[in-house]
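Examination of the molecular architecture
Chain by chain, the residues run as shown.
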Amino acid sequence: MRIQIICPLPPNAVYGSQVTALRWAGMLDGLNHSVELSQHYGGTICDLLVALRAEKSAEAVLQFRKRHPNKHSFLVLNGLDVYGDGMRSALVVEAMRAADRLIVFQPLAAERIPAEFQPKLRTIYQSAERTSCPQRPDPDSFLVSVVGHLRADKDPLRTAFAARRLPKASRIRVMQAGDCEAADLLEQARAETLANPRYRYLGPIPRWKVRQLVAQSRLVVVSSLVESGANVISEAVVDYVPVLASRIPGNIGVLGEDYPGYFPAGDTEALAALLERVESDPYFYQELKTHCALLARLFLPDREQAEWKRLLLELQPAKGNHQPKRLRASA
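So, here is what we can say about the structure in this document. (Residues numbered from 1 in each chain as written. Predicted model: local features only at pLDDT ≥ 70, side-chain atom pairs only at ≥ 80, totals over all residues. Heavy atoms only, no water.)

1. Looking at the overall build of the protein
Spelled out, the test is: Only DSSP runs of H or I reaching four residues or more are called helices, and only runs of E reaching two or more are called strands; each is numbered from the N terminus. Throughout, the radius of gyration refers to the C-alpha atoms, and the reference size of a globule is 2.2 Å times the residue count to the power 0.38. Exposure classes here rest on a 1.4 Å probe applied to the protein chains alone. A residue is buried below 20% of its type maximum, exposed above 50%, and partly exposed in between. Any two residues whose heavy atoms approach within 4.5 Å at even a single point are treated as in contact. In this tally, Lys and Arg are treated as positive and Asp and Glu as negative; His is ignored, and so are the chain termini. Positions of charges follow a simple convention, taking NZ of Lys, CZ of Arg, CG of Asp or CD of Glu.
Secondary structure summary: the protein contains 12 helices and 12 strands in total. The C-alpha radius of gyration of the protein comes to 21 Å, within 12% of the 20 Å expected for a compact globule of 331 residues. The principal-axis extent of the C-alpha atoms belonging to the protein is close to 70 × 40 × 35 Å. Taken over 331 residues, the protein has a buried fraction of 55%. Restricting to contacts in the protein with at least 6 residues of sequence separation, those with at least 24 account for 72%. The distance from the centre of the 42 positive side-chain charges to the centre of the 36 negative ones in the protein is 4 Å.

2. Side note on the sheet that holds strand β10 (residues 219–222)
Short version of the rule: Should DSSP find at least two bridges between two strands, the strands are regarded as paired. Every angle, taken between N-to-C directions, lies between 0 and 180 degrees, and every axis is a line fitted to C-alpha atoms, over only the stretch in contact when it is a helix.
Pairing is parallel across the open sheet formed by 6 strands, whose spatial order is β9-β8-β7-β10-β11-β12. The sheet is open, and its two borders are formed by β9 (199–203) and β12 (262–263), each paired with just one other strand. Here strand β7 (residues 142–147) pairs with β10 via 2 bridges, running parallel. Of the residues in β10, the one forming a bridge with S145 is V220. Running over the sheet, helix α8 (residues 231–238) touches β7, β10 and β11 (243–246) and is turned about 165 degrees from β10.

3. A look at the pairing of β10
Here is the rule: Crossover handedness is defined by viewing with both strands directed away from the observer: a clockwise path from the first strand over the helix to the second marks the crossover as right-handed.
A two-sided burial pattern is seen for β10, the buried positions comprising L219 and V221 on one face and V220 and V222 on the other. Note that β10 and β11 share 3 bridges and pair parallel. In the strand pairing of β11, V220 is matched with V243. Following the backbone out of β10, through α8 and into the adjacent parallel β11, one traces a crossover that is right-handed.

4. Considerations on the side chain of K154
The residue K154 is located in the loop between β7 and α5 (158–163) in this model. With a relative accessible area of 19%, K154 lands in the buried category. Those residues in contact with K154, other than ones at most four positions away along the chain, are H149, S223, S224, L225 and E227.

5. Notes on the packing of aromatic side chains
Rules: Pairing of aromatic side chains requires ring centres within 6.5 Å, counting the rings of Phe and Tyr and the six-membered ring of Trp. Pairs whose planes differ by under 30 degrees are stacked, by over 60 edge-to-face, and all others tilted. Either the NZ atom of lysine or the CZ atom of arginine qualifies as a charge over a ring when it sits within 6 Å of the ring centre and within 35 degrees of the ring normal.
For the structure shown, the criterion picks out 7 aromatic pairs. For the ring pair Y41 and F64, a centre distance of 5.7 Å and an interplane angle of 85 degrees mean the geometry is edge-to-face. Remark: F64 occurs in helix α2 (residues 54–67) and Y41 occurs in the loop between β2 (34–38) and β3 (48–52); sequence separation between them is 23 residues. Summarising the burial analysis for this pair, Y41 and F64 share the class buried. Ring pairing ties together the aromatic residues W24, F74, F105 and W308, which thus form one cluster. Between R277 and the ring centre of F284, over which it is positioned, the NZ or CZ distance is 3.8 Å.

What follows is the structure, encoded as structure tokens:
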């Protein structure tokens, strides 16, 4: 099968949707499909179009359906598509109707998807390979990492602000990696690096360094206000690095309702208290690690590839029927 993956991010991006697109391309190639990655749909002939980030790729799905009405398309919904303005966009809703399948990264997203689209909705957990030969954590500090684009919906400086409130004796150091296109957030991150001795903004760093940073951390914080199912959670969990996460559906859908490492989104005091507890209470820290170890099986690459294999089999013609199976939304 010829598959085109549309990801409207620069090819050199090392976070978010581009990481997902590259991982899926490798998995689909491993299933003996021919895969092409593009930022935009330019009329390429393929059997299946997979479009990430619905608000930015909706037009690609609609153009593809118009040009190739008998071919298949998948629309992948991210956090802003599901929990932001995506469901209020007429273009996104039209693309959801046109697509054969809708893909989300965690099961709670289904609660925000209109009933007419439920039959075509599928959940695929984001997987990660375990980091090979990670550096050991520095015994003289308690490294906490924050990874991802610095955007307002990620509430990216919340961990830095919480670190300011820690006791003087705390050994916590916060390292943050991620690109930033918002001038005000970039200025804040740089200013925080100068003013806060517990915090350092690393800027955009190569993918392998991102993985090493996570693997050598004692803890990862995901402070997002909106999230689809962050890659960094999967990456931390498979490396047995515990996570503190904002209590939002996109994180709960990945880590589970009973995960003990949540804090209210945007709550600096609550995050500071959790950071202090993780550092000072070895039993609580071990509880987090145990939960993550039990979750690791959800994020195995073989499992994600098997989900893709199962999903593609749904497009095969039914026995005795020469037309591929297509789900139609109800009126």
